[in-house]
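One letter stands for each residue in the lines below.
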Amino acid sequence: MIELEQEDPIPQGDLALQITALPRETNGFGDIYGGWLVNQMDLAGTAMSSKIAGGRVATVAIDRMAFLVPVAVGAQLSFYTQALEIGRSSIRMMVEVWSDDPLSSEWRKVTEAVFVFVAIDGSGRTRSVPRRA
């Protein structure tokens, strides 16, 4: 896992998704639901791992997740992905979420997690990830 307490941290990997946190995604305290955030992380990781796999992938695990700060309504969220390991049929992908808080103008890391995706064929069976040149 990438160190969470870096001095002047910067996003690791490639920008895969940007989205604004809307009021409909909040809990009773006005913060964005963690489950909604995980869903968006899965979308970002799926988009990038499917490019690596050359097709359909399925999420099989999420490992080592930590929420560092709450997300306010209106925050611009940026999702960065980085392939950590590419196996025969699986891809371990780090997904980081960064927030540009509209009230404080702070750029800060919200969460990160390692997602594991498996390449699957049209029948939903595991297939090999194509070798990279």
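- The name an unreviewed UniProt entry assigns to the protein is Acyl-CoA thioesterase, from the organism Pseudomonas vanderleydeniana.
- Checking UniProt for the protein, the heading Sequence similarities (unreviewed entry) contains the comment "Belongs to the acyl coenzyme A hydrolase family."

1. A look at the overall build of the protein
Then, in step 1: Across its full length, the protein carries one helix and five strands.
Then, in step 2: Mapped in sequence order, the helices and strands of the protein form the string β-α-β-β-β-β.
Then, in step 3: Computed over its C-alpha atoms, the radius of gyration of the protein comes to 16 Å, within 12% of the 14 Å expected for a compact globule of 133 residues.
Then, in step 4: A burial count over the protein gives 36% of its 133 residues as buried.
Then, in step 5: In the protein, 70% of the contacts between residues at least 6 apart in sequence involve partners at least 24 apart.

2. Section: the nonpolar core
Then, in step 1: Membership of the largest hydrophobic core comes to 24 residues, with the highest contact counts inside it found for Leu37, Met41, Val71, Leu77, Phe79, Met93 and Val97.
Then, in step 2: For this core, the secondary structure elements donating two or more residues are helix H1 (34–53), strand S3 (76–86), strand S4 (90–100) and strand S5 (107–119).
Then, in step 3: In terms of residue count, the dominant contributor to this core is H1 (seven residues).
Then, in step 4: Among all residues touching methionine 93, those that are not within four sequence positions of it are Gly45, Met48, Ser49, Ile52, Thr81, Gln82, Ala83, Leu84, Ala113, Val114, Phe115 and Phe117.

Definitions and cut-offs
- Residues numbered from 1 in each chain as written.
- Predicted model: local features only at pLDDT ≥ 70, side-chain atom pairs only at ≥ 80, totals over all residues.
- Heavy atoms only, no water.
- UniProt positions renumbered as here; feature names shortened; annotations may be inferred.
- Helix = DSSP H or I, 4+ residues; strand = E, 2+ residues; numbered from the N terminus.
- Rg over C-alpha atoms; globule rule 2.2 N^0.38 Å.
- Buried < 20%, exposed > 50% of the residue type's maximum accessible area, 1.4 Å probe, protein only.
- Contact = heavy atoms within 4.5 Å.
- Core = buried A, V, L, I, M, F, W, Y, C linked by side-chain atoms within 4.5 Å.

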